[in-house]
Amino acid sequence: MCGIIGIVGTKPVQERLIDSLKRLEYRGYDSAGIAGVVGGHVERRRAKGKIRALEEVLAEDPLKAEVGIGHTRWATHGEPSTRNAHPQTAGRVTLVHNGIIENYAELREGLKAQGRTFESETDTEVIAQLLDHELDRGKAPLAALKATLDQLTGAYAIAILIDGEDQLIMGARRGSPLVVGYGEGEMFLGSDALAVGPFTNRISYLQEGDYVAIDHKGAKIFDETGKAAERPVTTVPASAALVEKGNYRHFMEKEIHDQPEGCQHTISAYVDPVSDRTRVPGEVDWAGLARIQIVACGTSFIAGLLGKYLIEQLADLPVDVEIASEFRYRQPALQANSLAIAMSQSGETADTLAALRYCQKRGMRTVAVVNATESTMAREVDVVWPIHCGPEIGVASTKAFTAQICVLTAVAIAAARARGRIDAAEEQRLVKVLLEAPRLVAESIKLEDAVRGIAQEVAKARDVLFLGRGPMYPLALEGALKLKEISYIHAEGYAAGELKHGPIALVDDQTPIVILAPFDSYFEKSVSNMQEVMARGGQVIFITDPEGEKHAPRGARVVVTAPQSDPLIAPLVLAAPVQLLAYYVAVQKGADVDQPRNLAKSVTVE
Ligand code: F6R
């Protein structure tokens, strides 16, 4: 989603605004813009499309400012266009905004009735017009901002320049995150720590309803009632180096390769490799728990579904998993004594956050499995289970998915032990198996060349089916999601047993069918489905392990053999070839791998 940067600098800011916007590209966007104070007046430059389009505008007409704001916009109200790009201006006010103003139509009508004219279709311009209106009424900037915020319903993070206030940037947050960065004689605002990462790692996270004024002297923060507030300054570890691509062509490729390390760091936080016992953070009364409710979206939902398989099988504890956007609106019946788990890489996904708050309101204990530990979800829950895979920049989630699975696997083992379903020796055996995952994931990534070889053919397909049983079913869903989102090829993931109930109609000799079948208790059944598909001309890509390869019938077009592993960690081991297949098909098609069309990294609108 949209990204924000603001700099009160002591030297020219144009290049730094652009550098920061490039770091925010991963959030997904369709236009970009910057504004700055030039000779006492605010000027802006904007462009539809990628940041390089904005750079072309700036090459013609540079912005010679030392105080400025920048924005990448992911369209919600109004098409992607230069006119709708931020910064939006009204009178003396120029601002950038993340989020959605829900009462914008009503406010817009009111402002129009007072003779104000609008140049864009955005809800953002309404904030600019309102603030300008309050300034016109003679209020000082901060008082005008407070009066404006009091009229807004919805979600926002805002950074504002005011004509005539050369050294000032104001900001506010509600629903969308905003951070204040402290530099040497310079101050920053950003939509996350990465935005200000190149300039400082000393950061304050604004709280819900806060608004702020920054200048060369520092930051003045106020809470939603208008009272001066102190927010602690923390030093964040996300160094700029963590978000570089290094020698990889795309962040997605790098992040697939980061997975052994991401799994390693994550597993180490949840198991003790010396005693081979689990150590899941936070108090959870596993033995007394009646049920778990997992809420999530997209790939995080799929990780949650895999968690259901693991937790129910090992711990005999019922788990419901639901897509957050359904859960939050259908008034689900919740069982007393249940634990709510929100799965979210970003910790900011609007639907997941709303579903989590729904559970909280009904008195459930809440957990967030997040990558961004300073995110809203992390701050609102009772217990945080962080994943430790480092910032994920590619829009298509890869290393967060496997790290989420590592957490849920450790949780399943811990719950099984606490509920007396396994003894200490079995806990130790399972932990040892989990500790093997990073090495086997690294082995599995070595299938890269084999997978690249298949991609050329798959890239020609119109439809691709992914089939799996048991824990391979969620992985089939993930394979299909990855392929469609970055290569734009239609793909479906199915439980292999469902094949006969409909999807088999899609099978012909033009349809690649990816069958995920390690040599586990489901293997025989999966092989039967493979036979059914081959009998109808389907081109099978069989992803298995050495035992599976030995026992598989002939006839698959390609066999991809991942390392042998215990079934507990097979989803982690087989994830890499599935992700690599999507990656190389997208590369083959020349698609924009890290920023697929229409997608955003952090979906902070519903
Ligand atoms: C798919 C993908 C998305 C996200 C979804 C949830 O590759 O990345 O489906 O998984 O938008 O995002 P988070 O996990 O941040 O809540």
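Rules used throughout
Residues numbered from 1 in each chain as written. Predicted model: local features only at pLDDT ≥ 70, side-chain atom pairs only at ≥ 80, totals over all residues. Heavy atoms only, no water. Pairing = 2+ DSSP bridges. Helix = DSSP H or I, 4+ residues; strand = E, 2+ residues; numbered from the N terminus. Axes fitted to C-alpha atoms, helices over the stretch in contact; angles between N-to-C directions. Near = heavy atom within 4 Å. Polar contact = N/O pair within 3.5 Å; in protein donor to acceptor, adjacent residues only side chain to side chain. Areas by Shrake-Rupley, 256 points an atom, 1.4 Å probe, with all protein chains shown as cover. Nonpolar A, V, L, I, M, F, W, Y, C, P; charged D, E, K, R; others polar. Contact = heavy atoms within 4.5 Å. Buried < 20%, exposed > 50% of the residue type's maximum accessible area, 1.4 Å probe, protein only. Phe/Tyr/Trp six-rings, centres within 6.5 Å; stacked < 30°, edge-to-face > 60°. Lys NZ or Arg CZ within 6 Å of the ring centre and 35° of its normal. Domains from an automatic or database assignment. Buried area = accessible area lost by both parts, 1.4 Å probe. Salt bridge = Lys/Arg side-chain N within 4 Å of Asp/Glu carboxyl O. Lys, Arg positive; Asp, Glu negative; His and termini not counted.

### What about the sheet that holds strand β25 (residues 512-516)?
At step 1: Pairing is parallel across the open sheet formed by 5 strands, whose spatial order is β24-β23-β25-β26-β27. Of all the strands in the sheet, just β24 (490-495) and β27 (558-561) have a single pairing partner and so form its edges. When the angles between neighbouring strand axes are averaged without regard to direction, this sheet yields 20 degrees.
At step 2: Note: strand β23 (residues 463-468) against β24, 6 bridges, orientation parallel.

### Some details on the site of the ligand
At step 1: Neighbouring residues of the ligand: 13 residues in total, closest Ser-300, Ser-344, Ser-346, Thr-349 and Glu-485.
At step 2: Between the ligand and Thr-299, the relevant distance is 3.0 Å, taken from an oxygen atom to a main-chain nitrogen or oxygen of the residue.
At step 3: Within the contact set of the ligand, an oxygen atom lies 2.5 Å away from a side-chain nitrogen or oxygen of Thr-349.
At step 4: Summarising the interface, the protein chains cover 90% of the accessible area of the ligand, which totals 400 Å² for the free molecule.
At step 5: For the shell around the ligand, the leading source of residues is helix α9 (residues 298-315), giving 3 residues.
At step 6: By residue class, the composition of the shell around the ligand is 3 nonpolar, 8 polar and 2 charged.

### Some points on unusual backbone geometry
At step 1: Going from His-86 to Pro-87, the amide bond is cis rather than trans, its omega being 0 degrees.
At step 2: Secondary-structure assignment places Pro-87 in the loop between β4 (67-73) and β5 (88-90).
At step 3: Positioned with a positive phi, Gln-331 is a non-glycine residue whose angle comes to about 50 degrees.
At step 4: The topology assignment puts Gln-331 in the loop between α10 (324-327) and β20 (338-344).

### So, the sheet that holds strand β2 (residues 31-38)
At step 1: Here 8 strands make up an open sheet; going across it, the order is β3-β2-β4-β1-β10-β9-β11-β15 and the pairing antiparallel. Whereas interior strands pair on both sides, the edge strands pair on one side only; in this sheet they are β3 (41-48) and β15 (234-235).
At step 2: Two elements, strand β1 (residues 3-8) and β4, share 6 bridges in a ladder whose sense is antiparallel. Pairing of Ile-4 across the sheet is with His-71, part of β4.
At step 3: Lying over the sheet, helix α2 (residues 51-60) contacts β2, β3 and β4, oriented at roughly 135 degrees with respect to β3.

### Examining the pairing of strand β8 (residues 169-174)
Residues in a regular strand project their side chains so that they alternate between the two faces of the sheet.
At step 1: For β8, a buried count of 5 out of 6 residues is recorded, marking the element as mostly surrounded by other parts of the structure.
At step 2: Where strand β7 (residues 156-162) meets β8, 5 bridges bridge the pair, whose relative direction is antiparallel. Residue pairing for β8: Ile-160 is matched across the bridge by Met-170.
At step 3: Here β7 folds back onto β8 in antiparallel fashion, the turn holding 6 residues, of which Gly-164 has a positive phi close to 95 degrees.
At step 4: Pairing of β8 with strand β12 (residues 211-215), which is carried by 4 bridges, proceeds in the antiparallel orientation. Residue pairing for β12: Ala-172 is matched across the bridge by Tyr-211.

### Concerning the packing of aromatic side chains
At step 1: Considering all chains together, one arrives at 7 aromatic pairs under this definition.
At step 2: In this structure an aromatic cluster arises from ring pairing among Phe-519, Phe-523 and Phe-542.
At step 3: The ring of Phe-199 carries Arg-16 above its face, with NZ or CZ at 5.8 Å from the centroid.
At step 4: The ring of Tyr-488 has Arg-597 lying over it, and the distance from NZ or CZ to the ring centre is 3.8 Å.

### Examining the domain arrangement of the protein chain
At step 1: Taken as a whole, the protein chain is organised into domain 1 (3-242), domain 2 (246-435) and domain 3 (442-593).
At step 2: With centres defined by C-alpha atoms, the gap from domain 1 to domain 2 works out at 34 Å.
At step 3: Contacts between the two partners involve 8 residues from domain 1 and, on the opposite side, 10 residues from domain 2.
At step 4: Interface area for domain 1 against domain 2, summed over the two sides, is near 820 Å², with a carbon-plus-sulfur share of 59%.
At step 5: For the pair domain 1 and domain 2, the number of links is 0 salt bridges.
At step 6: The tally of links between domain 1 and domain 2 comes to 0 residue pairs in polar contact (both at pLDDT 80 or more).
At step 7: Each residue belonging to the side of domain 1 that touches domain 2 can be placed in one class, and the counts come to 6 nonpolar, no polar and 2 charged.

### Here we look at the side chain of Arg-419
At step 1: The topology assignment puts Arg-419 in the loop between α13 (399-418) and α14 (424-435).
At step 2: No salt bridge is formed by the buried Arg-419. Its closest oppositely charged neighbour is Asp-316, at 5.6 Å.
At step 3: At 3.2 Å, the side chain of Arg-419 forms a polar contact with the backbone oxygen of Leu-289.

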